[in-house]
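Listed here are the chains, written in short residue letters.
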Amino acid sequence: MTVKRLVIGISGATGFAYGIKALELLKPLDIETHLVISKAAQLTHSYEIPNMSLEQIKSLADKVYSVNNVGAAIASGSFKTMGMLVVPCSMRSLAAIAQSLSDNLLTRAADVVLKERRRLVLMIRESPLHLGHIKNMEMVTLMGGVIFPPVPALYQHIDNIDDMITHSVARALDLFDIDIPSLPRWGEDMHLNVKPE
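Residues numbered from 1 in each chain as written. Predicted model: local features only at pLDDT ≥ 70, side-chain atom pairs only at ≥ 80, totals over all residues. Heavy atoms only, no water.

### Section: the sheet that holds strand 1 (residues 5-10)
Part 1 of the reasoning: Strand order in the open sheet formed by 6 strands is 3-2-1-4-5-6, and the pairing between neighbours is parallel. Edge positions in the sheet fall to strand 3 (63-65) and strand 6 (146-147), since each has one partner strand and no second.
Part 2 of the reasoning: Sheet analysis places strand 4 (residues 83-89) next to strand 5 (residues 119-124), joined by 5 bridges and oriented parallel. Note that in strand 5 the partner of Val 86 across the bridge is Leu 122.
Part 3 of the reasoning: In this fold helix 4 (residues 91-98) packs onto strand 4, strand 5 and strand 6, with an angle of close to 150° to the strand it touches most, strand 5. (Pairing = 2+ DSSP bridges. Helix = DSSP H or I, 4+ residues; strand = E, 2+ residues; numbered from the N terminus. Contact = heavy atoms within 4.5 Å. Axes fitted to C-alpha atoms, helices over the stretch in contact; angles between N-to-C directions.)

### Focus on the nonpolar core
Here is a general trend for soluble globular proteins: nonpolar side chains tend to be buried in one another's company.
Part 1 of the reasoning: The biggest cluster of nonpolar side chains holds 34 residues, and the ones touching the most others in it are Leu 6, Ile 8, Phe 16, Leu 85, Val 169, Leu 173 and Ile 178.
Part 2 of the reasoning: If you list the elements that add at least two residues to this core, you get strand 1, helix 1 (16-26), strand 2 (32-37), helix 3 (54-58), strand 4, strand 5 and helix 7 (161-174).
Part 3 of the reasoning: By residue number, the principal contributor to this core is helix 1, which donates 7 residues.
Part 4 of the reasoning: Excluding its chain neighbours within four sequence positions, the residues that come into contact with Phe 16 are Ile 10, Ile 37, Ala 41, His 45, Glu 48, Ile 49, Leu 54, Ile 57 and Pro 88.
Part 5 of the reasoning: Ranked by size, the runner-up nonpolar core spans 26 residues in total, among them Val 67, Phe 79, Ala 98 and Ala 109. (Core = buried A, V, L, I, M, F, W, Y, C linked by side-chain atoms within 4.5 Å. Buried < 20%, exposed > 50% of the residue type's maximum accessible area, 1.4 Å probe, protein only.)

This is the structure we're talking about:
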């Protein structure tokens, strides 16, 4: 039986909690997670998630790689994966991916996913955007990647930040055909009081 594998990249944009949530949602599923955390993300972690150590976060993944290890398994197209989710994705990582600049394992793994025509989803975190950001997003889109900013679905009447993060990450994982049971779906299990016109 083929092992299902998903690469998770956590880069230095604000929103480290999105990366943690991806690992938490995938943990109970029959999907092997391969994690790489950028140097800038390690700094972001110290600011945003001081109550959870990097070692605790790494323990949520099946395999963890150093961002400097460009010879790791996920740097090769012969290593079969479902694709890669970069969550969150900084503008620096976006730019490197858009320009095929494989200068560390995170950007190399993303480049491999694109060249092998697998699914790459970038959960970008920046606002406002200048033209360079937008052109980099266009470039990644033209290469087959998916730009996925974490936009809250306010129609769900979200009660707290964790609900908002969970929904955004579950929607991103949905792009890999990964079914998260807790993800409400419009018109299926969402009972909205919407009156017809």
